[in-house]
Amino acid sequence: MKPDLLLLEPMMPQIETALDNAYTVHRFTDMAALLPVAASIRGIATGGGTGVPPDIMAALPELGIIAINGIGTDAVDLDAARRRNIRVTTTPGVLTADVADMAMGLLLMACRGLGTGDRFVRAGLWGKAPIALGHTATGLRLGILGLGQVGRAIAARARAFDMPIAYHDIREFPDTGYRFYADLTELARDNDVLVVAASGGPQSRNIVNAQVLQALGPDGILINVARGSVVDEDALVAALQAGTLGGAGLDVFQHEPSVPDALKTMDNVVLQPHRASATVETRLAMGDLVVRNLAAWFAGESLLTPVV
């Protein structure tokens, strides 16, 4: 008999087929449907944004592994997992390049007004109305919040645009050669662009606050490819409306999929639906790592990419 697995977030068809072949997969709809099978569920496959809601984790007495299709763990109660000896895995590394590419794409769109230009042409305004000039991206001073794998990949790409690179993190990484700032506000003040690549969770909630945005300034640009929780969204909207921040490129939001209506009306803001890792190649690689982590746990073998 195949082990019972709870699938909380859809995955690529090939990945779901692999899960169906190895497990009796219960696709979550609501708690009422889950409760009759809850006692048999031993594993969960989920996404970083969805995580595992506390009521679901509490309802599964035999849960032994949570395999996250992503690198974010802020939507999973890791302390509860440790207390219950529930293993947690993520999919690091395989999505780094795509997320870094998205950060640079948002930066270029925000600087050059590519979204505005696209809408301008589609509306038939070319040759009939003026369009604002963009701003040069090459040579901009780039500040990175969080110099992990994604932050370093962003820095590597930025170097091709001759961007001086600085960063803020919980500690300094002298081996990188990039300038370290112990204070986030000072990093924002001294740079033209602030890219958020930090992990979500209580330790980073709203650390990009009104003070940081004010320091970034009326010509500054904020890029967020990490977690919406890292940025004070109300302060961000206020800064953009007041003109104290120049622009933003956002792939993530505080209350996804809800996006503040004010952001949707601003030409100096580029919006994406949390899809930095959303390429066929990366989603297949991420899903494959989920499948292999689950297989290792059920076989009693060492996990490939454990967090807990």
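A brief report on the enclosed structure follows. Small disclaimer: the values here were computed from a predicted structure and weren't measured.

This paragraph deals with the sheet that holds strand S9 (residues 193-196). The sheet built from seven strands is open, its strands ordered S8-S7-S6-S9-S10-S11-S12 with parallel pairing. Two strands bound the open sheet, and with one partner strand each, they are strand S8 (179-180) and strand S12 (269-271). Bridge analysis of strand S6 (residues 142-145) against S9 gives four bridges, and the strand direction is parallel. Looking at S9, one finds that glycine 143 is bridged to leucine 194. Along the sheet, helix H5 (residues 96-112) contacts S6, S9, strand S10 (221-224), strand S11 (247-250) and S12; its crossing angle with S10, the most-contacted strand, is approximately 150 degrees.

Relative to the 27 Å expected for 19 residues at 1.5 Å per residue, helix H12 (residues 280-298) spans 27 Å between its end C-alpha atoms, a close match to the ideal helical length. Taken as a whole, H12 has its buried residues at Thr282, Met286, Gly287, Leu289, Val290, Val291, Asn293, Leu294 and Ala296. Lining the buried residues of H12 we find strand S1 (4-7), helix H1 (13-22), strand S3 (41-47), strand S4 (65-69), strand S5 (87-89) and H5. Downstream of H12 by one or two residues, glycine 300 has phi in the positive range, about 75 degrees.

Of the two faces of S1, the one holding Asp4 and Leu6 and the one holding Leu5 and Leu7 are both buried throughout. Between the parallel elements S1 and strand S2 (residues 24-27), the chain passes through H1 in a crossover that is right-handed. Where S1 lies against S3, four bridges are found, and the strand directions are parallel. Opposite leucine 5, over in S3, you have glycine 43 as the bridge partner.

Reading guide: rules and limits
- Residues numbered from 1 in each chain as written.
- Predicted model: local features only at pLDDT ≥ 70, side-chain atom pairs only at ≥ 80, totals over all residues.
- Heavy atoms only, no water.
- Pairing = 2+ DSSP bridges.
- Helix = DSSP H or I, 4+ residues; strand = E, 2+ residues; numbered from the N terminus.
- Contact = heavy atoms within 4.5 Å.
- Axes fitted to C-alpha atoms, helices over the stretch in contact; angles between N-to-C directions.
- Expected span 1.5 Å × (residues − 1).
- Buried < 20%, exposed > 50% of the residue type's maximum accessible area, 1.4 Å probe, protein only.
- Right-handed = clockwise from strand over helix to strand, strands pointing away.

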